[in-house]
There are 2 protein chains.
Amino acid sequence: MGRLTGGDPSLLRRINSAVVLHALRGAGSPTLTDLTRVTGLSRPTVEGVIEGLIEAGLVAESVPEEGGTRRQGRPARRFRFRVEAGHLLGIEIGPHRVAALVSGLDGRIIGAASRDVSDTASADDRLDRVRVVTADVLRRTGVSRSNLRAVGVACPGIVETDGTVRLGVALPGWTGLALGQRIQRSFRCPVLVENDANAAVVAEHWKGVAKDCDDVVFVLAGLSPGAGSLINGRLHRGFGGAAGEIGALHLLGRQLRPERLLSRTDEPLHPLDEQAVTEVFAMAKKGDARAQAAVDRYVQRLVHDVAALALALDPELVVIGGWAAGLDGVLEPLRNELSRYCLRPPRVVLSLLREAAVATGALRIALDHAEEELFAVEGTAARD
Amino acid sequence: MGRLTGGDPSLLRRINSAVVLHALRGAGSPTLTDLTRVTGLSRPTVEGVIEGLIEAGLVAESVPEEGGTRRQGRPARRFRFRVEAGHLLGIEIGPHRVAALVSGLDGRIIGAASRDVSDTASADDRLDRVRVVTADVLRRTGVSRSNLRAVGVACPGIVETDGTVRLGVALPGWTGLALGQRIQRSFRCPVLVENDANAAVVAEHWKGVAKDCDDVVFVLAGLSPGAGSLINGRLHRGFGGAAGEIGALHLLGRQLRPERLLSRTDEPLHPLDEQAVTEVFAMAKKGDARAQAAVDRYVQRLVHDVAALALALDPELVVIGGWAAGLDGVLEPLRNELSRYCLRPPRVVLSLLREAAVATGALRIALDHAEEELFAVEGTAARD
């Protein structure tokens, strides 16, 4: 109830700054008059705010274009949001690849880099690769570390809020790793660590197939499947950050213990052995019956996992990404089976961002953090 | 951005009213001085608001207790929130029973009524029973229909936002029924229809085992299992209102088609035949080996359903309710299996409210609606 009473002039200044900054981001190069009209603030207030934002380096006076339409008298000053006032870094740490993206404060990607890494690499080796990729992308884009506002990192596993990996069986030495802390050593800005499927769903909502959907499940298939969910447009992490970690489901469905599954001779699809899975799929394409049976089991398992998610969450849209997004014909069986088992089957589509989804999501998470600092005022939405 | 600018005096009055009403509900019988201190509002403002609330019938001057400590001079006027200014009705429509609860605006239950109904009763017959139970509980509590602020109704099935049952296989004639509209005929206040498991999770959060948990899954077992979920303390209905309708999951898990399941001779546990299930469980208790095997299958299926929910949502707490809450020994196998399959197993407990859970949730949903009208002001929380 406290916030219903009293007034806070510094809060008011922050609100006004946020409003003007929002308006500046939305418009091209507005004049003071434009800003006064859009924000509803008085001209002296807008002038004061703009002065402060210029001092903070977030706003610049835009240079009038040569040869533009001339009018009588001195042209009105125009202003622009300095997207180059800060940069964001998004890092994907995967079993086979480490990738990084850089953007300005507008989220437009200005550089990318990646390196292959062995799925048996130790955590230290993998983090070495992260440093190489990071240095590479910063060098290419000419962005200095001091200009980074936030770094987002996405990787497999259950990630604690402090950036520690609580459980991560997909990467060697990952469980228990203080990943956030380790990566933080290379940066002065905040480092935010997120589960890879969670990052991917954020990415598809931002720049992919889920732009217009607020209730989305992204299934990151290929390795032991994981999923990330948006509920009402917000990432659903779960109470312990483990939401969507559905890898164990098929074991239940088949009434098998893990040790039995791994030792079954007619079960070549060890969920963590991506290479073996790829080979089996290639064999199936060439007509090998035993491989085809294994592929059928794989698809059946994926259907089961996705159906469990769909029944539990009832999303509008299911996005299939990761490794399975490259499979021919995984979509139709999924749609057919979901329409059989779900009371209200969701739409099922392939990821648009494909292998860029996870890194793009990591970048968006960094951008969210930066925008919160720039725009967020208690009681107002950080995004429009 | 519109709400960041401008001021609305009527909004301010509403905020002040809500603040004073909140304070009145929290305190016993505060004086104007108490209210001024608690709300931070000026004395004239509080006086004006109190005057308005008394006119609206929501506040009364409390009568000073006889024999209380005497002080010099005229005693300060004290005020109280009139919980009797409005009443709420919660109705449960189940396969075997129709039940109703009545409360005042404080949510304290002041009356209950119920009637058995056949699981083969038509929708019209079931609605007749609703009218009988409603009339009964209103007569017993002396509450007139005109004093009802809202009616909550909970039943099996997927419920549209307009109160129509989109799909409801548990009750004859339920699919497609315009339930909200039908029940609305008997009332002048708003009628809100909700899925039964959704109502139950709201109830356990309000008055049951989930009071301190904001991430809860309630599994309403017995009939085809359904589940209701709270995420961050809010009901998660899903995009199409079908979240938690996990009844079809076990079919996937077993790789069986429904028609096959129903005709299997060693499968006496038709999910919709509660009577048969009860008999089988009784036989198992007496040592019947075939019945015991069926019970094991039932528990295994329940485990599978709950695990799917737990993996998808990662709740803090799973509450087992409905018919399975009466089973001996369903909890231990559930806990054991969940700890095997979930990366972070949730706590699993039985419903505290048991057979009252669904009707209590319906009542809470009605109360939520009434409180929103009483207290809600844009940008402020409706509940403390």
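Residues numbered from 1 in each chain as written. Chains lettered and ligands numbered in written order. Predicted model: local features only at pLDDT ≥ 70, side-chain atom pairs only at ≥ 80, totals over all residues. Heavy atoms only, no water.

Asks: Mind showing me how you'd approach helix 3 (residues 43-55) of chain A here?
Replies: Two residues of an α-helix separated by three or four positions point the same way, owing to the 3.6 residues in each turn. All names here are of chain A. Its 13 residues place the ends of helix 3 18 Å apart at the C-alpha level, agreeing with the 18 Å of an ideal helix rising 1.5 Å per residue. Turning to helix 3, its buried residues number three or more, namely Val 46, Val 49, Ile 50 and Leu 53. In a view along the axis of helix 3, the buried residues occupy a sector of 100°, so they form one face of it. Helix 3 presents Pro 44 and Glu 55 as exposed residues on the side facing more than 90 degrees away from its buried surface. Backbone geometry just downstream of helix 3 places Gly 57 in the positive-phi region, at approximately 85°. (Helix = DSSP H or I, 4+ residues; strand = E, 2+ residues; numbered from the N terminus. Expected span 1.5 Å × (residues − 1). Buried < 20%, exposed > 50% of the residue type's maximum accessible area, 1.4 Å probe, protein only. Arc of directions from axis to C-beta.)

Asks: Can you walk me through the pattern of salt bridges in this structure?
Replies: When the charged atoms of two side chains lie near each other, side chains of opposite charge can form a pair. On inspection of all chains with the given rule, the structure shows 38 salt bridges over all chains. Here Arg 364 of chain A makes a salt bridge to Asp 368 of chain A, at a shortest N to O gap of 2.8 Å. Of this pair, Arg 364 of chain A and Asp 368 of chain A are both found in helix 12 (residues 357-375), four residues apart, which corresponds to roughly one turn of the helix. Exposure remark for Arg 364 of chain A: the relative accessible area of 5% places this residue in the buried category. Between Glu 92 of chain B and Arg 97 of chain B there is a salt bridge; the shortest N-O distance is 3.1 Å. Taken together, the salt bridges that share partners define one network made up of Arg 25, Arg 364, Asp 368 and Glu 371 of chain A. (Salt bridge = Lys/Arg side-chain N within 4 Å of Asp/Glu carboxyl O.)

Asks: Quick question: what am I supposed to make of unusual backbone geometry here?
Replies: For residues besides glycine, phi is generally negative; the peptide bonds are generally trans as well. The phi torsion at Asn 232 of chain A lies on the positive side, around 50°, for a residue other than glycine. Summarising the element assignment, Asn 232 of chain A is placed in the loop between strand 11 (226-231) and strand 12 (234-235). For Asn 232 of chain A, a relative accessible area of 56% puts it in the exposed group. Positioned with a positive phi, Arg 354 of chain B is a non-glycine residue whose angle comes to about 50°. Secondary-structure assignment places Arg 354 of chain B in the loop between strand 14 (347-350) and helix 12 (357-375).

Asks: I tried to follow the sheet that holds strand 6 (residues 148-155) of chain A on my own but got confused; where do I start?
Replies: Working definition: the strands of a sheet are paired by backbone hydrogen bonds and lie parallel or antiparallel to each other. Residue and element names in this part refer to chain A. Overall, mixed pairing links the five strands, which are arranged 5-4-3-6-9 in an open sheet. With partners counted over all chains shown, the strands left at the sheet margins are strand 5 (109-116) and strand 9 (191-195), one partner each. With strand direction ignored, the average angle separating the axes of adjacent strands in the sheet is 15°. Of the pairings in the sheet, the one linking strand 4 (residues 97-104) to strand 5 comprises seven bridges and is antiparallel in character. Bridge assignment links Ser 103 to a residue of strand 5, and that residue is Ile 109. The strands that helix 6 (residues 196-207) touches are strand 5, strand 6 and strand 9; relative to strand 9, the one it contacts most, it runs at about 100°. (Pairing = 2+ DSSP bridges. Axes fitted to C-alpha atoms, helices over the stretch in contact; angles between N-to-C directions. Contact = heavy atoms within 4.5 Å.)

Asks: Teacher, can you tell me more about the side chain of Thr 39 of chain B here?
Replies: One can find Thr 39 of chain B in helix 2 (residues 32-39). At a separation of 3.1 Å, a polar atom in the side chain of Thr 39 of chain B contacts the main-chain amide nitrogen of Leu 41 of chain B. (Polar contact = N/O pair within 3.5 Å; in protein donor to acceptor, adjacent residues only side chain to side chain.)

Asks: What should I look at first to understand the confidence of the model for chain A in this one?
Replies: Parts of the model with low pLDDT should not have their predicted coordinates read in detail. All names here are of chain A. Averaged over every residue, the pLDDT of chain A is 83; the share at 70 or more is 82%. Per-element mean pLDDT across chain A ranges from 34 in helix 8 (residues 258-263) up to 98 in strand 3 (residues 87-93). Contacts of residues 1-7 to residues separated by more than four positions or lying in other chains number eleven contacts, the stretch itself having pLDDT below 50. Predicted confidence is poor over residues 251-272, with pLDDT under 50, and the contacts of this stretch with residues over four places away or in other chains come to 52 contacts. (pLDDT = per-residue confidence, 0-100.)

Asks: What should I look at first to understand the nonpolar core in this one?
Replies: For soluble globular proteins, nonpolar side chains are generally found buried alongside one another. Counting 64 residues, the largest nonpolar core has Val 219 of chain A together with Val 219 of chain B as the members making the most contacts within it. Beyond its immediate sequence surroundings of up to four residues, Val 219 of chain B is in contact with Gly 226, Ala 227, Leu 302, Val 306, Leu 309, Val 318, Val 319, Ile 320 and Gly 321 of chain B. (Core = buried A, V, L, I, M, F, W, Y, C linked by side-chain atoms within 4.5 Å.)

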